[in-house]
Amino acid sequence: MKHDDKLKFIDERLQQLKDDGVYRTLPVNYGPCDHVIDLNGKRTVNLSSNNYLGFANHPRVMKASQAAIEKYGVGAGSVRTIVGNQDLLEDLETLLAEFKEEEAVMAFQSGLNCNIGTIQAIVEKGDLIVSDALNHASIIDGVRLAKADKAVYKHCDMADLERILTERRDDYNQVLIITDGVFSMDGNLAPLPKIVELAEKFNCLTYVDDAHGSGVLGRSGRGTVDHFNLHGKIDFIIGTLSKAIGVIGGYVATKQNVKDWLLHRARPLLFSTALPPAATAATIESVKMLMESEAYTKQLWENAAYFKSAMRELGFDIGKSETPITPVMIGEEAKTMRFSKALLDKGVFVSGIVFPTVPKNTGRCRVMISAAHTKEDLDQAIQAFKEVGESLGVI
Ligand SMILES: *Cc1c(COP(=O)(O)O)cnc(C)c1O
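Let me begin by describing the structure that accompanies this report.

Conventions we followed
Residues numbered from 1 in each chain as written. Predicted model: local features only at pLDDT ≥ 70, side-chain atom pairs only at ≥ 80, totals over all residues. Heavy atoms only, no water. Near = heavy atom within 4 Å. Polar contact = N/O pair within 3.5 Å; in protein donor to acceptor, adjacent residues only side chain to side chain. Areas by Shrake-Rupley, 256 points an atom, 1.4 Å probe, with all protein chains shown as cover. Helix = DSSP H or I, 4+ residues; strand = E, 2+ residues; numbered from the N terminus. Axes fitted to C-alpha atoms, helices over the stretch in contact; angles between N-to-C directions. Parallel < 35°, antiparallel > 145°, perpendicular 65-115°, else oblique. Left-handed = near helix turned anticlockwise from the far one by under 90°. Contact = heavy atoms within 4.5 Å. 1 Å grid on protein atoms, 1.4 Å probe; cavity = no way out; pocket = protein on both sides within 12 Å on 5 of 7 lines; lining within 4 Å. Points joined across faces, edges and corners; volume = space filled by probe spheres on them. Nonpolar A, V, L, I, M, F, W, Y, C, P; charged D, E, K, R; others polar. Pairing = 2+ DSSP bridges.

**As for the site of the ligand**
Next, step 1: Contacts to the ligand come from 14 residues, most closely from Gly111, Asp209, Thr240, Ser242 and Lys243.
Next, step 2: Within the side chain of histidine 136, one N or O atom sits 3.4 Å away from a nitrogen atom of the ligand.
Next, step 3: Histidine 212 has a polar side-chain atom sitting 3.2 Å from an oxygen atom of the ligand.
Next, step 4: In the complex, the protein chains occlude 86% of the 380 Å² of accessible area that the ligand would expose alone.
Next, step 5: In terms of residue count, the dominant contributor to the shell around the ligand is helix α6 (residues 111–122) (3 residues).

Encoded structure:
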């Protein structure tokens, strides 16, 4: 049998994606992740990054990164538990603990690594994980790797969560409730005060993945927990350094004893090389900038308010977002992808998000607003949405 024949089943799967109108190729960005990018060789307004504050290519952050390369080189050289634990990582964790106003922080190579490492390290057989139905894929993977039993409550449905806890709490040792802080597909917030109340009533642990809340919500972007003023009430607060912070990495803010335990059991720390110094130094600078000034988060929210109000006026359904994430609802999968393509033809990049990332027939063009956008960028985007929306019969 030839190799080609053996892999024919992959061709068939790819053909199915093409038939469904959801087959993708990767666009290429020929420069930094800025508010306007050179996408496939064409000037394009970038409404699809998680670079909420424009830190990904901020001169101050870049300078800190360059200085770190001079001093530390480009690689950590090992996992942290051997010789990869450069002092920059210790500095980053101390700073993040101060920023988040929590006892201790453990940094990981990414948010995904953090979820995969942390969840399976803290629960075991005889424990139960109760997870929101729309939690991020990296939480789902972390939950799958854990040996605990699993239950899923309906998205943000506190009656359903209470039902599960009432029926099952007594059968387990630890029960861990896990939720996104901000749900990235709709931009809505988890009902954290109610989750905390139920966790206290049923003696459960709480875990909030605040990837899209950190750097966005709360004082100077301290996150969803700060927004709800729930400091000290959430046992594990996950953040990413790859979104608003603009670089790469993830972390859990928690208690010192949890950090000590993760050092012995979190597999990404034990079996994958530590963050490179250029990245660590850059994240330190970003966090310092956030702690120094609310100007960045303020600009982000102003831009979001401007864009959302114009889109509502045009008659678009922009869902139930409570954050700068703005899902422009289109519906059917192929139509959503056509909408996104038509925007791109007009020099505006908004990724189409469809099943299986979101439920069938809830396809959307998801706009990610950034503090780096200018009024001209936003106006160009609004005009493009108007023209495409009219031609495709969405408004
Ligand atoms: C983006 C995201 C992650 C992954 O973060 P990375 O640092 O990009 O790996 C994890 N959780 C949630 C909720 C996210 O939105």
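Further notes follow.
**Side note on the packing of helix α8 (residues 158–168) against helix α9 (residues 192–202)**
Next, step 1: Taken N-terminus to C-terminus, the directions of α8 and α9 make an angle of 15 degrees; their axes are 11 Å apart at the nearest point. In terms of orientation, α8 lies roughly parallel with respect to α9. The way α8 lies across α9 gives a crossing that is right-handed. Taken together, the residues of α9 that come into contact with α8 (itself represented by Met158, Leu161, Glu162, Leu165 and Thr166) are Lys194, Ile195, Leu198, Lys201 and Phe202.

**Details of the layout of surface pockets**
Next, step 1: Approximately 970 Å³ is the volume found for the largest pocket.
Next, step 2: Every residue lining the largest pocket is counted, 26 residues in all, and those nearest its centre are Val22, Tyr23, Arg24, Met337 and Gly352.
Next, step 3: Only α15 (333–345) and β12 (351–353) provide two or more residues apiece to the lining of the largest pocket.
Next, step 4: Counted by class, the lining of the largest pocket contains 13 nonpolar, 7 polar and 6 charged residues.
Next, step 5: For the second largest pocket, the calculated volume is near 610 Å³.
Next, step 6: Along its surface, the second largest pocket is lined by 26 residues, and Leu134, Ser184, Met185, Thr357 and Val358 are the ones closest to its centre.
Next, step 7: Elements with a contribution of two residues or more to the lining of the second largest pocket: α7 (137–145) and β13 (363–368).
Next, step 8: In terms of residue class, the lining of the second largest pocket is made up of 11 nonpolar, 9 polar and 6 charged.

**Describing the sheet that holds strand β8 (residues 236–240)**
Next, step 1: Strand order across the open sheet formed by 7 strands is β3-β9-β8-β7-β6-β4-β5, with mixed pairing between neighbours. Strand pairing shows two members of the sheet lacking a second neighbour, β3 (104–108) and β5 (149–153), which therefore form its edges. For this sheet, the mean inter-axis angle between neighbouring strands, taken without regard to orientation, is 20 degrees.
Next, step 2: Here α7 sits on the sheet in contact with β4 (128–132), β5, β6 (175–180) and β7 (205–209), set at roughly 160 degrees to β6.
Next, step 3: The strands that α9 touches are β5, β6 and β7; relative to β6, the one it contacts most, it runs at about 175 degrees.

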